There are 2 protein chains.
Amino acid sequence: MIPLEGMPEVEEGADLGALVVGAVRLEDGDVVVIAQKAVSKAEGRVLRLDEVEPSEAARRLAADHDPRQLEVILREAKRIVRSRPPLVIAETRHGFVCASAGVDASNAPEPGTLVLLPLDPDASARRLRARLTELTGRAVGVVVSDSFGRAWRLGTTDVAIGAAGVRTLLDLRGRHDRIGYELRTTQIAVADEIAGAAELVMRKTTGVPGAIVRGLDLAGKGNARELVMPPDRDLFR
Amino acid sequence: MIPLEGMPEVEEGADLGALVVGAVRLEDGDVVVIAQKAVSKAEGRVLRLDEVEPSEAARRLAADHDPRQLEVILREAKRIVRSRPPLVIAETRHGFVCASAGVDASNAPEPGTLVLLPLDPDASARRLRARLTELTGRAVGVVVSDSFGRAWRLGTTDVAIGAAGVRTLLDLRGRHDRIGYELRTTQIAVADEIAGAAELVMRKTTGVPGAIVRGLDLAGKGNARELVMPPDRDLFR
């Protein structure tokens, strides 16, 4: 795990690929993990609070917090899963279930702005991967990561919300253990484990927006949409 | 991340510390991640199915699966969270919410046996840590890991069910980003990210029961019980 140190603050229109290549020498098989916040800023997914008019629903959910922020969360949410004002757990357009529908004021470009999730984080990962290949000729994978809370467990872990050129689910179905028993754990969310591993070397408060995970041998097709539980298998809808 | 290769099959009463030390040279600050299955086997947390008499409730939940296995799951469960026969998501005595209350037939010592979670995985971690210190004089952390599914996301990730000598939750409350905004993500479940990172180098089908994660600077007090969401903060009970 190699942190992407020395990257400048990411601004709208930034060439993320060039910034990554300027921070680290890539090798074939590397997985480049890049924080959602950096991707969203580069893509201009930033909103000024003073341009937001809160609805009545947003005012109700806000309790004594800023109703404009709740308004943006409601706009980004496809479905509210749980709320305890001002905390909102929501399903996003991508199918992710997370706090505030991914809307966040921390590490925003300036006070009074909010950062939203990329519209299509898998597409963001594909674009970054193509740019990295163009710049270096290396075959790498890309994971766009974000910090999600979990049901029943305290604290966040970083997970993959976008991916390209890397396997996201490792399917062990049909494989057997040493005594011949078919494995219970049939699918491992390796892209989420990669995102979490990268988080361990990214220090949020000092602005390291990504890391390289090297030596995993997980190159392949994959996208983060595969990591969303299909509704018919979801016992927690 | 260094896999613990060459470790023999773990049997009841095994000296896990000696097995770890035989597989890798430890350094100060290392976190030794050891699979729950290895710990449970060493502690004799193995049950023979032919000694289990299934109850009526177990028969109902079993559908066309083995009702004796469901009986064991019900005995290990403090609370059934969801069930879609034969799938059972249960809360364990430790407060973990996971499939089958952690009861598993894969990688069991022999056909017809089930492996249960350790009675107190934090105590297991403390014992292993004390033994490692005794054998090597090194100051290391220990994480006992298991593969858990997640609500809303497909695939399992390894998480920490026991820990000693390593911080499990990194508390960022009160820390601020570069523009002075107090961080939203106030607690990071670093022990879960460590367990997931270790999984990436443990290949289940070939029996590697652990890995070392080196260079993290996360030595400290911590236990996995802290990672259980307190009921009063749990929106998903």
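The rules behind each value
- Residues numbered from 1 in each chain as written.
- Chains lettered and ligands numbered in written order.
- Predicted model: local features only at pLDDT ≥ 70, side-chain atom pairs only at ≥ 80, totals over all residues.
- Heavy atoms only, no water.
- Helix = DSSP H or I, 4+ residues; strand = E, 2+ residues; numbered from the N terminus.
- Rg over C-alpha atoms; globule rule 2.2 N^0.38 Å.
- Buried < 20%, exposed > 50% of the residue type's maximum accessible area, 1.4 Å probe, protein only.
- Lys, Arg positive; Asp, Glu negative; His and termini not counted.
- Charge placed at Lys NZ, Arg CZ, Asp CG, Glu CD.
- Axes fitted to C-alpha atoms, helices over the stretch in contact; angles between N-to-C directions.
- Parallel < 35°, antiparallel > 145°, perpendicular 65-115°, else oblique.
- Left-handed = near helix turned anticlockwise from the far one by under 90°.
- Contact = heavy atoms within 4.5 Å.
- Nonpolar A, V, L, I, M, F, W, Y, C, P; charged D, E, K, R; others polar.
- Buried area = accessible area lost by both parts, 1.4 Å probe.
- Salt bridge = Lys/Arg side-chain N within 4 Å of Asp/Glu carboxyl O.
- Phe/Tyr/Trp six-rings, centres within 6.5 Å; stacked < 30°, edge-to-face > 60°.
- Arc of directions from axis to C-beta.
- Least-squares fit on C-alpha atoms with pLDDT ≥ 70 in both.

Thoughts on the overall build of chain A
Reasoning step 1: Counting secondary structure elements, chain A contains 6 helices and 12 strands.
Reasoning step 2: Taking 18 Å as the expected radius of gyration for a compact globule of 237 residues, we find that chain A reaches 19 Å, a close match to that expectation.
Reasoning step 3: A burial count over chain A gives 57% of its 237 residues as buried.
Reasoning step 4: Side-chain charges of chain A comprise 33 positive and 35 negative groups, with the mean position of each set lying 4 Å from the other.

As for the packing of helix α1 (residues 16–23) of chain B against helix α5 (residues 121–136) of chain B
Residues and elements named next belong to chain B.
Reasoning step 1: At a minimum axis separation of 8 Å, α1 and α5 run at an interaxial angle of 55°. With respect to each other, α1 and α5 are oriented oblique. The two elements α1 and α5 meet at a crossing, and its hand is right-handed. Note on element contacts: α5 touches α1 through L128, R131, L132, L135 and T136, opposite L16, G17, A18, V20 and V21.
Reasoning step 2: For the contact of α1 with α5, a count of residues per class yields 7 nonpolar, 2 polar and 1 charged.

Digging into the interface of chain B and chain A
Reasoning step 1: The interface is formed by 72 residues belonging to chain B together with 73 residues belonging to chain A.
Reasoning step 2: Taken together, the two surfaces of chain B and chain A that pack against each other cover about 6500 Å², and 58% of this comes from carbon and sulfur.
Reasoning step 3: Two residues, R153 of chain A and D192 of chain B, come together in a salt bridge whose shortest N-O distance is 2.8 Å.
Reasoning step 4: Looking at the side of chain B that touches chain A, the element that brings in the most residues is strand β9 (residues 153–164) of chain B, giving 8 residues.
Reasoning step 5: Residue classes in the side of chain B that touches chain A are distributed as 37 nonpolar, 13 polar and 22 charged.

Comments concerning the packing of aromatic side chains
All names here are of chain A.
Reasoning step 1: As enumerated under the stated definition, the model contains 4 aromatic pairs over all chains in all.
Reasoning step 2: Plain terms: the ring middles of W152 and F236 are 4.9 Å apart, the flat faces sit at 65° to each other, and that makes the pair edge-to-face. Within this pair, whereas W152 is found in the loop between β8 (141–150) and β9 (153–164), its partner F236 is found in the segment after β12 (210–213), the two being separated by 84 residues in sequence. F236 shares its class with W152; the two are buried.

Description of the side chain of R45 of chain B
Residue and element names in this part refer to chain B.
Reasoning step 1: For R45, the location among the structural elements is in the loop between α2 (36–42) and β3 (46–48).
Reasoning step 2: You can call R45 buried: its relative accessible area is 14%.
Reasoning step 3: Apart from the residues within four sequence positions on either side, R45 is in contact with S40, E76, R93, L114, V115, L116, L117, P118 and L119.

Some details on helix α1 (residues 16–23) of chain A
Count 3.6 residues to each turn of an α-helix, and residues three or four apart come out pointing the same way.
Reasoning step 1: Regarding α1 of chain A, the residues found buried are L16, G17, L19 and V20 of chain A. Axial view of α1 of chain A: buried residues confined to an arc of 160°, hence all on one face.

Regarding the relation of the copies chain B and chain A
Reasoning step 1: Its rotation angle being 180°, the transformation that places chain B on chain A also includes 0.0 Å of axial translation and leaves an RMSD of 0.0 Å. Look at the turn and shift together and you get a two-fold axis relating the two. In terms of C-alpha distance to the rotation axis, chain B has A197 of chain B as its closest residue, with the C-alpha 2.5 Å off the axis.
Reasoning step 2: Looking at the interface residues of chain B, 100% of them are also at the interface in chain A, so both copies use one shared face.

Overview of the pattern of salt bridges
Residue and element names in this part refer to chain A.
Reasoning step 1: Counting across every chain of the model gives 38 salt bridges over all chains.
Reasoning step 2: Linking K78 and E91 is a salt bridge whose minimum nitrogen-to-oxygen distance equals 3.2 Å. One end of the pair, K78, is in strand β4 (residues 77–84); the other, E91, is in strand β5 (residues 87–92), with 13 residues separating them in the sequence.
Reasoning step 3: What emerges from the salt-bridge pattern is a single network uniting D15, R131 and E134.

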